[in-house]
Amino acid sequence: MLTINNIANNDFVNIPSLVPIPDIMQSKRILAIQAHYDDTDISVGGLISLFTLQGAEILYVTATDDLAGVVDLDQSKEKAALALDEESQRAMEILGVSGLIKLGLPDAGDWDIHELRKSLMSVIRQYQPDCVLTLDPWLGTEAHSDHYKSGFAAVEASILSYVPGVEDTHVTIPDKFISSEQRDLISVGMFTTSEANCFIDITEVLDQKLLAVSSYNSQFSPEDMKNLLGNLKARAKHIANLGKSAGKLSNDTEYAECIKLLSPRALHAAR
Ligand SMILES: [Zn+2]
């Protein structure tokens, strides 16, 4: 029976997951799932570049068509889509991303999270990643539904893809990305997060990250792009300082990124 003391006690105790945190830098086959074409690179473009340097393969999935964010409203949708593709390809070449699958949902539109989850399950089942990266769907201040819906669809797809009875919606991915072997998903990394437990030293690849982000001209005016690049550099320095203070980075780290990193086993009841 509850007493007044039980009801009034607000001293909640945080219960950490008992599932060990995986080592993300051991990943060899990474699937990065984003709402928009620049989400991954803006948040963890340095991590992507480091993956490439160590010989990992990276495949991107972009959930939306990105057309709502295009700055020049005078150009046709077809021309805008072409420019977005060219900018994506340029950034992918700079960071060493192997491929991109576009799902074409309406940017900032009223699309269905379950439909995206089913499409992502199809991609995961074919590609067999050992690491999924996506937006943190539990970022408390996120107001853009494309972001939290894409992140949630991605983390849910990450656990349900391995349940045979859950149906997917077939998505055609290039043959070269279809895996012939079953692989365990080892880690799920959530970026744009306020609850980081993994800090990555990106000092040696910061320039590549900023160069890749500078490709995304369709959605930023020259002035906004200049501010974005400056903010990203300042943010990377700030994250490096936070990581060093937490004892998670060496003292010579100048720039860093951070993610919330979990084993997929920690993403449902088996905490
Ligand atoms: Zn976005």
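Placed above this text is the structure.
The structure reproduced in this document is the subject of the present report. As the structure is a computational prediction, the values presented were derived from the model and not from experiment. (Residues numbered from 1 in each chain as written. Predicted model: local features only at pLDDT ≥ 70, side-chain atom pairs only at ≥ 80, totals over all residues. Heavy atoms only, no water.)

Its place among the elements puts Glu 87 in helix H3 (residues 77–95). Considering only alpha carbons, one finds Glu 87 and Thr 64, 23 residues apart in sequence, at a separation of 15 Å. In contact with Glu 87, not counting residues within four places along its chain, are Tyr 37, Ser 215, Tyr 216, Asn 217 and Ser 218. Separated by 3.2 Å, the side chain of Glu 87 and the backbone nitrogen of Asn 217 make a polar contact. (Helix = DSSP H or I, 4+ residues; strand = E, 2+ residues; numbered from the N terminus. Contact = heavy atoms within 4.5 Å. Polar contact = N/O pair within 3.5 Å; in protein donor to acceptor, adjacent residues only side chain to side chain.)

As a further point, take the pairing of strand E3 (residues 99–105). Regular strands place their side chains on alternate faces of the sheet. Pairing between strand E2 (residues 57–64) and E3: five bridges, direction parallel. Paired with Leu 59 across the bridge in E3 is Gly 99. (Pairing = 2+ DSSP bridges.)

Further remarks concern the side chain of Ser 218. Within the secondary structure, Ser 218 sits in the loop between helix H6 (206–213) and helix H7 (222–245). Ser 218 gets classed as buried once you look at its relative accessible area, which sits at 10%. A distance of 2.6 Å separates polar atoms of two side chains, one belonging to Ser 218 and the other to Glu 87. What Ser 218 contacts, discounting residues up to four positions off in sequence, is Tyr 37, Gly 69, Val 70, Val 71, Ala 83, Leu 84 and Glu 87. (Buried < 20%, exposed > 50% of the residue type's maximum accessible area, 1.4 Å probe, protein only.)

Turning our eyes to something else, we now look at the coordination of the zinc ion. The coordination sphere of the zinc ion, as far as protein atoms go, consists of His 36 (ND1), Asp 39 (OD) and His 147 (NE2), spread over 2.0 to 2.1 Å. All donors to the zinc ion come from one chain, and their sequence spacing reads H-x2-D-x107-H. In this pair, His 36 is assigned in the loop between strand E1 (29–34) and helix H2 (39–53) and His 147 in helix H5 (residues 145–160), connecting sequence segments 111 residues apart. Exposure remark for His 36: the relative accessible area of 6% places this residue in the buried category. By relative accessible area, which is 14% here, His 147 ends up buried. (Donors = N, O, S within 2.8 Å, 3.2 Å for Na, K, Ca; no water.)

Membership of the largest hydrophobic core comes to 41 residues, with the highest contact counts inside it found for Ile 24, Ile 48, Phe 51, Leu 133, Ile 202 and Ile 259. Setting aside residues no more than four positions away along its own chain, Leu 133 makes contact with Ile 24, Ile 30, Leu 31, Ala 32, Ile 33, Leu 47, Ile 48, Phe 51, Gly 189 and Phe 191. Grouped together as the second largest cluster of nonpolar side chains are 31 residues, Leu 31, Ile 124, Ala 157 and Ile 173 included. (Core = buried A, V, L, I, M, F, W, Y, C linked by side-chain atoms within 4.5 Å.)

Let us look at the packing of aromatic side chains. Taken as a whole and judged by the stated rule, the model has three aromatic pairs. Centroid distance Tyr 127 to Phe 177: 6.1 Å. Interplanar angle 70°. Geometry classified as edge-to-face. With Tyr 127 in helix H4 (residues 113–127) and Phe 177 in the loop between H5 and strand E5 (187–191), the pair connects residues that are 50 residues apart, well separated along the chain. For the pair Tyr 127 and Phe 177, a shared accessibility class is recorded, and that class is buried. Sitting over the face of the ring of Tyr 127, Arg 29 holds its NZ or CZ atom 4.1 Å from the ring centroid. (Phe/Tyr/Trp six-rings, centres within 6.5 Å; stacked < 30°, edge-to-face > 60°. Lys NZ or Arg CZ within 6 Å of the ring centre and 35° of its normal.)

Now for the environment of Leu 82. By secondary structure assignment, the location of Leu 82 is in helix H3. Looking at Leu 82, the relative accessible area reads 53%, which means it is exposed. Here the alpha-carbon distance between Leu 82 and Ser 187, two residues 105 residues apart in the chain, equals 33 Å.

On to H2, then. Over its 15 residues, H2 runs 21 Å from end to end, which matches the ideal 21 Å to within 8%, given 1.5 Å per residue. The sharpest bend along H2 comes to roughly 80°, located at Gly 45. Looking only at H2, the buried set comprises Asp 39, Thr 40, Asp 41, Ser 43, Val 44, Gly 45, Gly 46, Leu 47, Ile 48, Ser 49, Leu 50 and Phe 51. The positive-phi residue at the C-terminal boundary of H2 is Gly 55, with phi of around 85°. (Expected span 1.5 Å × (residues − 1). Bend = angle between axes of the 7 residues up to and from the residue.)

Going through the model one piece at a time under the given rule, you end up with nine salt bridges. Note that Glu 115 is salt-bridged to Lys 118, the shortest N-O span being 3.6 Å. One end of the pair, Glu 115, and the other, Lys 118, are both in helix H4, three residues apart, so they sit about a helical turn from each other. Within the structure, one salt-bridge network assembled from shared partners comprises Asp 136, Glu 195 and Lys 260. (Salt bridge = Lys/Arg side-chain N within 4 Å of Asp/Glu carboxyl O.)

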